[in-house]
Amino acid sequence: MDLSVAAVLLFSAIRAVEIGVKPVLLGTLGSVWGITYFFSSLVLSKFINKMNASSFMIASCVGFIFIGIFFYACNSILPLFILLFAGGLVSAFFFVGFQLFMGDNTGLAHYKTAALYTLSWSGGMAFGSLIEGFFVSSGTFYAQLPVFISSLLIISGIIVSRNTGSNGNCFVSKPISTQQHSENFIRFYTRIAWIEIFTVTLVTTGIRYLLPKLTISFFNFTQSMAGTAVFVFFIFQALSGFFSSFYQSLRYNFLPHNLMKCAGIISLAIPLIFSNSFGIFVFAGLLGIYSGHAFYAAVFYAINDERRSGFNVGINEALVGVASVCGPFISGVMLNFGVKHFLIFPCVILIITILLERRILKQISQN
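Given the structure is predicted, the values throughout are model-derived calculations rather than measurements. (Residues numbered from 1 in each chain as written. Predicted model: local features only at pLDDT ≥ 70, side-chain atom pairs only at ≥ 80, totals over all residues. Heavy atoms only, no water.)

*Asks:* Hey, could you go over the overall build of the chain for me, with residue numbers and the actual values?
*Replies:* Along the backbone of the chain there are twelve helices and zero strands. Taken from the N to the C terminus, the helices and strands of the chain come in the order α-α-α-α-α-α-α-α-α-α-α-α. Once local pairs closer than 6 in sequence are excluded, the contacts in the chain between residues at least 24 apart make up 85%. Roughly 15,200 Å² of accessible area belongs to the chain as shown, and the carbon and sulfur atoms make up 69% of that amount. (Helix = DSSP H or I, 4+ residues; strand = E, 2+ residues; numbered from the N terminus. Contact = heavy atoms within 4.5 Å. Areas by Shrake-Rupley, 256 points an atom, 1.4 Å probe, with all protein chains shown as cover.)

*Asks:* Break down the environment of F66 for me, with residues and values.
*Replies:* Secondary-structure assignment places F66 in helix α3 (residues 53-70). Residue classification places F66 among the exposed positions, given a relative accessible area of 57%. Once the C-alpha coordinates of F66 and F148 are considered, the two residues, 82 residues apart in sequence, prove to be 9.0 Å apart. (Buried < 20%, exposed > 50% of the residue type's maximum accessible area, 1.4 Å probe, protein only.)

*Asks:* Report on the nonpolar core, specifying residues and quantitative values.
*Replies:* Grouped together as the largest cluster of nonpolar side chains are 102 residues, with contacts concentrated most on V8 and F64. Top contributing element to this core by residue count: helix α10 (residues 277-303), with 15 residues. Every residue in contact with F64, bar those within four places of it in the chain, is listed here: M1, S4, V5, V8, W33, G87, V90, S91, V147 and S151. (Core = buried A, V, L, I, M, F, W, Y, C linked by side-chain atoms within 4.5 Å.)

*Asks:* Run through the packing of helix α9 (residues 254-273) against α10, naming residues and quoting values.
*Replies:* Where α9 meets α10, the closest approach of the two axes is 8 Å, and the angle between their N-to-C directions is 155°. One element, α9, and the other, α10, form an angle in the roughly antiparallel class. Of the two possible hands of crossing, α9 and α10 adopt the one that is left-handed. Residues P256, H257, M260, K261, A263, G264, I266, S267, L268, I270 and P271 of α9 lie in contact with α10, whose contacting residues are G279, I280, V282, F283, L286, L287, I289, Y290, H293, A297 and Y301. The residue inventory of the contact of α9 with α10, partitioned by class, reads 16 nonpolar, five polar and one charged. (Axes fitted to C-alpha atoms, helices over the stretch in contact; angles between N-to-C directions. Parallel < 35°, antiparallel > 145°, perpendicular 65-115°, else oblique. Left-handed = near helix turned anticlockwise from the far one by under 90°. Nonpolar A, V, L, I, M, F, W, Y, C, P; charged D, E, K, R; others polar.)

*Asks:* Tell me about the packing of aromatic side chains, and name the residues and values.
*Replies:* This model, assessed by the stated rule, comprises 14 aromatic pairs. Geometrically, the ring pair formed by F127 and F231 is edge-to-face, given 5.3 Å between the ring centres and 65° between the ring planes. On the criterion of sequence distance, the pair formed by F127 in helix α5 (residues 110-135) and F231 in helix α8 (residues 223-243) is long-range, its members being 104 residues apart. Look at F127 and you get partly exposed, because its relative accessible area is 40%. Arranged with centres 5.3 Å apart and planes meeting at 80°, the rings of F141 and Y142 form a pair that is edge-to-face. F141 gets classed as partly exposed once you look at its relative accessible area, which sits at 46%. Under the relative-accessibility criterion, Y142 is labelled partly exposed at 39%. (Phe/Tyr/Trp six-rings, centres within 6.5 Å; stacked < 30°, edge-to-face > 60°.)

*Asks:* Any details on the side chain of H257? Residues and values, ideally.
*Replies:* With respect to the helices, strands and loops of the structure, H257 is situated in helix α9. A residue is classified by how much of its surface remains accessible, and H257, at 1% relative accessible area, is buried.

*Asks:* Can you tell me about the side chain of T140, naming the residues and giving the values?
*Replies:* Within the secondary structure, T140 is located in helix α6 (residues 140-164). The buried category is assigned to T140, whose relative accessible area is 17%. Contact partners of T140, with chain neighbours within four places excluded, come to R15, F71 and Y72.

*Asks:* If you had to explain the pattern of salt bridges to someone new, which residues and values would you point to?
*Replies:* Under the definition given, this model contains three salt bridges. Across the pair K261 and E196 runs a salt bridge, and its minimum N-O distance is 2.3 Å. Within this pair, whereas K261 is found in helix α9, its partner E196 is found in helix α7 (residues 183-218), the two being separated by 65 residues in sequence. There is no split in this pair, since K261 and E196 are both buried. Residue K261 pairs with E357 through a salt bridge whose shortest N-O separation is 3.1 Å. Residue K261 is located in helix α9, and its partner E357 is located in helix α12 (residues 339-366); the two are separated by 96 residues in the primary sequence. Neither residue differs from the other here; K261 and E357 are each classed as buried. (Salt bridge = Lys/Arg side-chain N within 4 Å of Asp/Glu carboxyl O.)

*Asks:* Help me get a handle on unusual backbone geometry, residues and values and all.
*Replies:* A positive phi angle, near 60°, is found at N220, a position not held by glycine. In this fold, N220 is placed in the loop between α7 and α8.

Listed below in structure tokens is the structure:
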């Protein structure tokens, strides 16, 4: 599904650049997805349950197919706003139901579930961006294909699961091993999860949505190169999130959070030092490493709190929605002032986050 999401987001960003949309308006366009996803998630959470989740997921795939067809109408800014409004709506149909049961029905330990989830959605965004970056320059018909193919594959998979699963239910509960820590200790780290997921979403959604604008308008990238830059970010995010689960010392340890944020700050300085394609790809990859660890940690801390996992995941999603609205808009405003402002603003956010999380760490040590 994230392959479809990436294709729609990259198509809208590149088409907006072709139309000549300014950075602030482009950032506003990128925020539309987050607005509809946020409100749709809140409403749908009251209707989606274990029995009807697969039906909502199929409805989401059908919706994405219609969105792909709508690509033909996107020759001005208004249809692009409609495109992303619809995209945020139908993507909520899929992800709310999926995440609702992921933590308790995979039969895996929570640290493995969080790692595979980060790997899967980041990998989907990576390859969706790469494929769409090459296809979008070949015409609208080819730009639709990633959306069509992934949606049809998911529909087929859900139908097969319904026919082969127990009583048509594709979500099967199994015992889960959990991280052994005191309840208060784990609860304190859920606060870290909320800060992490808000910060990483605020920083990266704006950058990754405006990356085509940045690379094409300021670094003379082609459309395929812009898609490749987004791919590099997401593939390193996928690998970072996945491999974070291999090291137990990274799970409930504050030092890696500081080190990863420092890596993010360094990455943001690289395009200012090396203003070429190599610098952009290194910047995207290093930022992806920070992002992957942050998303993994946020999901793991949330679902590993057994008694409050549902509440924690709900807060995570709400924060993702809010940050997805603010991130692209603020980044668009910063890019309108210039590349330096665009890159310095996330550095300030990361530094503030380090200081805020250190305060929570003191509370943990005192308890």
